[in-house]
Amino acid sequence: EAGVAQSPRYKIIEKRQSVAFWCNPISGHATLYWYQQILGQGPKLLIQFQNNGVVDDSQLPKDRFSAERLKGVDSTLKIQPAKLEDSAVYLCASSLGLINEQFFGPGTRLTVL
Amino acid sequence: RKEVEQDPGPFNVPEGATVAFNCTYSNSASQSFFWYRQDCRKEPKLLMSVYSSGNEDGRFTAQLNRASQYISLLIRDSKLSDSATYLCVVNMVAAGNKLTFGGGTRVLVKP
């Protein structure tokens, strides 16, 4: 069974530039999560989708971050404009439902210079 | 106070020894608990769920203490391959199944 796919794996940009990440969850998984993990810290939930609806985006910095899951399958996370403190690994995870085990993708390592 | 707190470590453990560490959570309404393992520069992977009665999976034992609001993980007969960061995860069903991760406890098993 294919796992959660993410791209790109690495991205280096300058501050104030824009960047987008893509995630394709495991087939059939209704719930999709985006996490930000700063070096030395645990993952922080940015946004959680159930199918194509947002369940929780309370920790998403909405002035610069946006995410969508239009068809209830794959998802994109965008940062515009990026700041130095956005340097982190962005992890996508999916699960069958809200109470099921989460499976993580390999992450996108973002460096903002 | 952070919602989920862990001792960052590192816990330096001789191979074959036992190591245990805790994770405290602040919200008494928390309902589900998990331990995830994260290897260096890899994604987190579920190690085990934590049940009220405690549970064991091979060399790993997880316990929940609701009265004191902490969960624990014990690793017996440590292997070099157990070296990783162990993330505690707390799920608040009442908050739409929001998962909150602790900062992780780093374990280094040495020969």
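About the criteria used
Residues numbered from 1 in each chain as written. Chains lettered and ligands numbered in written order. Predicted model: local features only at pLDDT ≥ 70, side-chain atom pairs only at ≥ 80, totals over all residues. Heavy atoms only, no water. Salt bridge = Lys/Arg side-chain N within 4 Å of Asp/Glu carboxyl O. Helix = DSSP H or I, 4+ residues; strand = E, 2+ residues; numbered from the N terminus. Buried < 20%, exposed > 50% of the residue type's maximum accessible area, 1.4 Å probe, protein only. Contact = heavy atoms within 4.5 Å. Polar contact = N/O pair within 3.5 Å; in protein donor to acceptor, adjacent residues only side chain to side chain. Pairing = 2+ DSSP bridges. Axes fitted to C-alpha atoms, helices over the stretch in contact; angles between N-to-C directions.

Trainee: Would you explain the pattern of salt bridges in this entry?
Mentor: Any two side chains of opposite charge can pair, so long as their charged atoms come close to each other. Under the counting rule described, the total for this entry stands at six salt bridges over all chains. Notably, a salt bridge pairs Asp86(A) with Arg64(A), separated by 2.5 Å at the nearest N-O pair. Here Arg64(A) lies in the loop between strand S6 (53–56) and strand S7 (65–68) and Asp86(A) lies in the loop between strand S8 (75–79) and strand S9 (88–95), a separation of 22 residues in the sequence. Here the two residues Asp86(A) and Arg64(A) agree in accessibility, since each one is buried. The salt bridge partner of Asp77(B) is Lys79(B), with a shortest N-O separation of 3.0 Å.

Trainee: What should I look at first to understand the environment of Glu56(B) in this one?
Mentor: All names here are of chain B. Relative to the helices and strands, Glu56 is located in strand S6 (residues 55–57). For Glu56, a relative accessible area of 58% translates into the label exposed. With 19 residues separating them along the chain, Glu56 and Ile75 place their C-alpha atoms 10.0 Å apart. When sequence neighbours within four positions are dropped, the list of residues in contact with Glu56 reads Met48, Thr61 and Arg76. Within polar-contact distance, the side chain of Glu56 engages the side chain of Arg76 at 3.4 Å.

Trainee: Got a minute to help me understand the side chain of Thr108(A) in this structure?
Mentor: Residue and element names in this part refer to chain A. Along the chain, Thr108 falls in strand S11 (residues 108–112). Polar side-chain contacts of Thr108 include one of 2.5 Å to the backbone oxygen of Pro8. With near-sequence residues (within four places) excluded, Thr108 lies in contact with Gln6, Ser7, Pro8, Arg9, Phe21, Ala88, Val89 and Tyr90.

Trainee: Quick question: what am I supposed to make of unusual backbone geometry here?
Mentor: Peptide bonds are, in most cases, trans, and in most cases residues other than glycine have a negative phi. Residue Pro8(A) is bonded to the preceding Ser7(A) through a cis peptide linkage, with omega at -10°. Relative to the helices and strands, Pro8(A) is located in the loop between strand S1 (5–7) and strand S2 (10–13). The amide bond that connects Gly9(B) to the next residue, Pro10(B), takes the cis arrangement and shows omega of 10°. Tracing the backbone shows Pro10(B) in the loop between strand S1 (4–6) and strand S2 (11–14). In the Ramachandran plot, Arg16(A) falls in the positive-phi region, its phi being about 80° despite a non-glycine side chain. Within the secondary structure, Arg16(A) sits in the loop between S2 and strand S3 (19–24). Of note in the backbone geometry, Asn51(A) takes a positive phi value of approximately 55° without being a glycine. Tracing the backbone through its elements, the reader meets Asn51(A) in the loop between strand S5 (44–50) and S6.

Trainee: Looking at this model, I keep getting lost on the sheet that holds S1(A). Mind explaining?
Mentor: Each strand in a sheet pairs with its neighbour through backbone hydrogen bonds, running either in the same direction (parallel) or in the opposite one (antiparallel). All names here are of chain A. Strand order in the open sheet made by the four strands is S1-S3-S8-S7, with antiparallel pairing throughout. Across the chains shown, the open sheet's two edge strands, defined by having one partner strand only, are S1 and S7. Averaged over all pairs of adjacent strands, the angle between their axes in this sheet comes to 15°, without regard to strand direction. As paired elements, S1 and S3 share three bridges and run antiparallel to each other. Bridging from a neighbouring strand, Gln6 pairs with Cys23 of S3.

Trainee: What's the story with the interface of chain B and chain A in this structure? I'm lost.
Mentor: Interfaces are often sized by the amount of accessible area the parts lose when they come together. Contacts between the two partners involve 15 residues from chain B, matched on the other side by 21 residues from chain A. Scanning the region where chain B abuts chain A turns up zero salt bridges. Applying the counting rule to chain B against chain A returns two residue pairs in polar contact (both at pLDDT 80 or more). Counting only elements with at least two residues in the side of chain B that touches chain A, the list comes to strand S4 (32–38), strand S9 (84–92) and strand S10 (98–101) of chain B. For the side of chain B that touches chain A, the element with the highest residue contribution is S10(B), accounting for three residues.

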